[in-house]
Amino acid sequence: DQYFTAIKLNERIGVKNAQTYNNIAQVYIDLDYLVDALEYLKKGLKIAEENNQFSTLVDIYYNFSLVYERLGKYEKAYHAYLQYNKYDDSLKSQMYSDKVNNISEQQEIESKRKEFEKVQLSAQLELEKKDSQINLRNYIIYSFIAGIAAVLIIIIILLKLFRQKTRANTIL
């Protein structure tokens, strides 16, 4: 009953979901109402193909193979099973491809992050080196200025002493 309610609601809002039809068919298969199951599988197949619902196509073709096998239509069961394998392999291949792509994207992101960290560290080291050079240059300049100031002070003191001595000698 809930599946039929879901179909009515889906039709009312304009949603086409093949999985609901497949679920109803699954119930009919379990009850061994195989003709009814075929009817819902066909409806679900049409919707799934129109809407590219590949994971549902896998389930539908698997159920087709079960129904046809139970009905004794082994050739149809075989062809349905081939379709099931085709879509199942495609989905698994896509899933593995997505995982591989995701892993390679993560590796690329990690590589770029490490490269960025290296560049950032290199820039920081370069700044520290320039700061060190500037500090050394400033130290040399301030030392030179202090040295000149000290020499000037000594010269001024010596000149003063020399003048005082000259005055003292002149007075004597």
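So, a few notes on the structure that sits alongside this text. Each chain carries its own residue numbering, running from 1 in the written order of its sequence. Per-residue local features are limited, in this predicted model, to residues with pLDDT of at least 70; the limit for side-chain atom pairs, both in listing and counting, is 80 or more; totals at the level of whole chains, interfaces and linings are taken over all residues. No hydrogens and no water enter the side-chain calculation; it runs on all heavy atoms of the structure.

## Here's the deal with the overall build of the protein
A run of DSSP states H or I qualifies as a helix once it reaches four residues; a run of E qualifies as a strand once it reaches two. Both are numbered from the N-terminal end. Of the regular secondary structure elements, the protein holds 5 helices and 0 strands. Listing each helix as α and each strand as β along the protein from the N terminus yields α-α-α-α-α. Here the globule rule is a power law, 2.2 Å times the number of residues to the power 0.38, and the radius of gyration is based on C-alpha atoms. In terms of C-alpha radius of gyration, the protein reaches 45 Å, well past the compact-globule figure of 16 Å for 172 residues. Taking the principal axes of its C-alpha atoms as reference, the protein extends roughly 145 × 35 × 25 Å. Counting every position in the protein, which comprises 172 residues, the buried fraction comes to 20%. Contact between two residues is taken to exist if any of their heavy atoms lie within 4.5 Å; hydrogens are not considered. Look at the contacts in the protein between residues 6 or more apart in sequence, and 48% of them connect residues 24 or more apart. Residue burial considers only the protein chains on display, and all accessible areas are found by Shrake-Rupley using a 1.4 Å probe. Carbon and sulfur atoms make up 58% of the accessible area of the protein, which totals about 13600 Å². A positive count includes Lys and Arg, and a negative count includes Asp and Glu. His and the chain ends are not counted in either. To locate a charge, take NZ of a lysine, CZ of an arginine, CG of an aspartate or CD of a glutamate. The positive charge centre, built from 23 side chains, and the negative charge centre, built from 22, are 19 Å apart in the protein. Exposure is judged per residue with a 1.4 Å probe applied to protein chains only, and the accessible area is read against the type maximum: over 50% gives exposed, under 20% gives buried, and values in between give partly exposed.

## Observations regarding the packing of aromatic side chains
Note on aromatic pairs: each is described by the distance of the centres and the angle between the planes. Aromatic pairs are defined between Phe, Tyr and Trp rings, using the six-membered ring for Trp, whenever the two ring centres lie within 6.5 Å; interplanar angles under 30 degrees are classed as stacked, those over 60 as edge-to-face, and all others as tilted. According to the stated counting rule, one finds 9 aromatic pairs in the structure shown. Measuring from centroid to centroid gives 5.7 Å for Tyr61 and Tyr87, while their planes differ by 5°, and the two rings are stacked. Taken together, the residues span a long stretch of sequence, with Tyr61 in helix α4 (residues 54-71) and Tyr87 in helix α5 (residues 74-171) at a distance of 26 residues. Overall, the relative accessible area of 9% leaves Tyr61 in the buried class.

## Quick notes on the packing of helix α2 (residues 18-30) against helix α3 (residues 34-50)
Orientation is described by lines fitted to C-alpha atoms, with helices fitted over the stretch in contact, and by angles between N-to-C directions that extend from 0 to 180 degrees. At a closest axis distance of 8 Å, the pairing of α2 and α3 adopts a crossing angle of 165°. For the element pair α2 / α3, the angle class is roughly antiparallel. Classified by chirality, the crossing of α3 by α2 is left-handed. For the pair α2 and α3, contact is made by Ala18, Tyr21, Asn22, Ile24, Ala25, Tyr28 and Ile29 and by Leu34, Asp36, Ala37, Tyr40, Leu41, Lys43, Gly44, Ile47 and Ala48, respectively. Here the angle decides the label: under 35 degrees means roughly parallel, over 145 means roughly antiparallel, 65 to 115 means roughly perpendicular, and every other value means oblique. Throughout, a crossing is termed right-handed when the near helix is turned clockwise from the far one, and left-handed when it is turned anticlockwise from it by less than a right angle.

## Digging into helix α1 (residues 2-13)
Compared with an ideal rise of 1.5 Å per residue, which puts 12 residues at 16 Å, α1 spans 16 Å between its outermost C-alpha atoms and is within 8% of the ideal. Phi for Gly14, located one or two positions after α1, is positive at around 85°. By this rule, a helix spans an expected 1.5 Å times one less than how many residues it contains.

## Concerning unusual backbone geometry
Not every positive phi belongs to a glycine, and Asp32 is a case in point at roughly 70°. As for its placement among the helices and strands, Asp32 is situated in the loop between α2 and α3. Phi at Asn52 is positive, roughly 50°, even though this residue is not glycine. Take Asn52: it is sitting in the loop between α3 and α4.

## Examining the nonpolar core
Judged by nonpolar contacts, the single largest core of 26 residues is most densely connected at Tyr40, Ile60, Tyr61, Phe64 and Val67. Among the secondary structure elements, those contributing two or more residues to this core are α2, α3, α4 and α5. No other element matches α3, which puts 8 residues into this core. Discounting residues that sit within four places of it in the chain, Tyr40 has contacts with Phe4, Ile7, Tyr21, Ile24, Ala25 and Tyr28. Here, nonpolar core means buried Ala, Val, Leu, Ile, Met, Phe, Trp, Tyr and Cys residues that are tied together by side-chain atoms lying within 4.5 Å of each other.

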